[in-house]
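# Architecture and fold: a report
One letter stands for each residue in the lines below.
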Amino acid sequence: MIDLLAVQNPFTLKLALFVGAFLFAASAALVRPSIVQPLLTSIQNSPGIMHATAAVTAFAGGGLLVAHLDFSSITASLVTLTAIWWAVEGLGLLAIGHRLKIDSPANVRLYALSNIAALMTGVVLLIAGVAGIAFPTEPSS
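A brief structural summary. What you are looking at is a predicted structure, and each value in this text was computed from that prediction instead of being measured. (Residues numbered from 1 in each chain as written. Predicted model: local features only at pLDDT ≥ 70, side-chain atom pairs only at ≥ 80, totals over all residues. Heavy atoms only, no water.)

Let's shift gears to the overall build of the protein chain. Of the regular secondary structure elements, the protein chain holds five helices and zero strands. The linear arrangement of helices and strands in the protein chain, starting from the amino end, is α-α-α-α-α. A total of about 8,000 Å² of accessible surface is found on the protein chain, and carbon and sulfur atoms cover 73% of it. (Helix = DSSP H or I, 4+ residues; strand = E, 2+ residues; numbered from the N terminus. Areas by Shrake-Rupley, 256 points an atom, 1.4 Å probe, with all protein chains shown as cover.)

What follows is the structure in C-alpha cells.
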C-alpha cells in the first residue's frame, strides 16, 4: 500500500505544499464577486498593474514548468496544470490584456468561479504536501 503513495519526484511534494498554500491564500477571498470586482477594475484601469501582474504570473508559471513538467501522479499533474494555467493566463494578459474588458460582470463571475477551483486545488495540494501523498494515477508494479 505504501508503494501506491510513493512519489517519483520528491520535488513534487515540496511544490505541492508551496503551490497549495499559495492557491489557498490567494483564492480564499476571491471566490466573492464583491471582492473580485474592485480587483479586476484596478487591474483594468492601470496598464502598469496589468503588465506587472501578467509578467509575474507568466514568469511564475513558465518557471514552474521548466522546473516541474510531470504528469506521473495526480499531485504532480495538479502542480503542472497550475503552472500551465499561470503561464497561459500571464502570457495572454501580456499579449492582449489591454484589449480585454476583464472587469465586465460576466468576467467577474467567471473569475470568482475559477477561484473556487483554485481554492479546491490548493486544499488538495496542501493535504498532499503535508501528508507526503502523491495520489498516483496507476498502481506501481
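This part is about the pattern of salt bridges. Applying the stated criterion across every chain, the model contains one salt bridge. Lys101 is the partner of Asp103 in a salt bridge, and the nearest nitrogen-oxygen pair spans 3.1 Å. Take Asp103: its relative accessible area is 10%, and that puts it in the buried class. (Salt bridge = Lys/Arg side-chain N within 4 Å of Asp/Glu carboxyl O. Buried < 20%, exposed > 50% of the residue type's maximum accessible area, 1.4 Å probe, protein only.)

One way to put it is that helix H4 (residues 74-96) packs onto helix H5 (residues 105-131) with a least axis distance of 10 Å and a crossing angle of 145°. Like other packed secondary-structure pairs, H4 and H5 cross with a definite hand, here left-handed. Two secondary-structure elements touch here, H4 through Thr75, Leu78, Val79, Thr82, Trp85 and Glu89 and H5 through Tyr111, Ser114, Ala118, Thr121, Val124, Leu125 and Ala128. Residue composition of the contact of H4 with H5, by class: eight nonpolar, four polar and one charged. (Axes fitted to C-alpha atoms, helices over the stretch in contact; angles between N-to-C directions. Left-handed = near helix turned anticlockwise from the far one by under 90°. Contact = heavy atoms within 4.5 Å. Nonpolar A, V, L, I, M, F, W, Y, C, P; charged D, E, K, R; others polar.)

Along the polypeptide, Leu113 turns up in helix H5. Here Leu113 falls in the exposed class, since its relative accessible area comes to 56%. Sequence spacing of Leu113 and Pro33 is 80 residues, and the spatial spacing of their C-alpha atoms is 8.9 Å.

Another aspect to go through is the environment of Leu17. Of note, Leu17 is situated in helix H1 (residues 10-27). Placed 112 residues apart in sequence, Leu17 and Gly129 show a C-alpha to C-alpha distance of 4.3 Å. When near neighbours in sequence (up to four residues on either side) are disregarded, Leu17 contacts Leu125, Leu126, Gly129 and Val130.

A word on a nonpolar patch on the surface. Nonpolar side chains collect at one region of the surface, where Leu69, Phe71, Leu81, Ile84 and Val88 lie side by side and expose about 480 Å² of accessible area between them. Tracing the sequence through the fold places Ile84 in helix H4. (Patch = residues over 30% accessible without salt bridge, like charges linked within 9 Å, V, L, I, M, F, W, Y side chains within 5 Å.)

A few words on H1. An ideal rise of 1.5 Å per residue puts 26 Å on 18 residues; H1 measures up with 26 Å between its terminal C-alpha atoms. Taken residue by residue, H1 has Thr12, Leu13, Leu15, Ala16, Val19, Gly20, Leu23 and Ser27 as its buried positions. For H1, the buried positions fall inside an angular range of 160° around the axis, keeping them on one side. Within H1, the exposed residues directed more than 90 degrees away from the buried face are Pro10, Lys14, Phe18 and Ala25. (Expected span 1.5 Å × (residues − 1). Arc of directions from axis to C-beta.)

What follows deals with the environment of Val123. Positionally, Val123 belongs in helix H5. For Val123, a relative accessible area of 33% puts it in the partly exposed group. Along the sequence, Val123 and Gly20 sit 103 residues apart, while their C-alpha atoms lie 6.2 Å from each other.

Right, let's talk about the side chain of Asp70 for a bit. Summarising the element assignment, Asp70 is placed in the loop between helix H3 (47-67) and H4. Within the buried set, Asp70 has no salt-bridge partner at all; the shortest N-O distance to an opposite charge, 14 Å, is to Lys14. A polar atom in the side chain of Asp70 sits 2.7 Å from the side chain of Ser72. If sequence neighbours within four positions are ignored, Asp70 has contacts with Asn9, Thr12, Ala76, Ser77 and Thr80. (Lys, Arg positive; Asp, Glu negative; His and termini not counted. Polar contact = N/O pair within 3.5 Å; in protein donor to acceptor, adjacent residues only side chain to side chain.)

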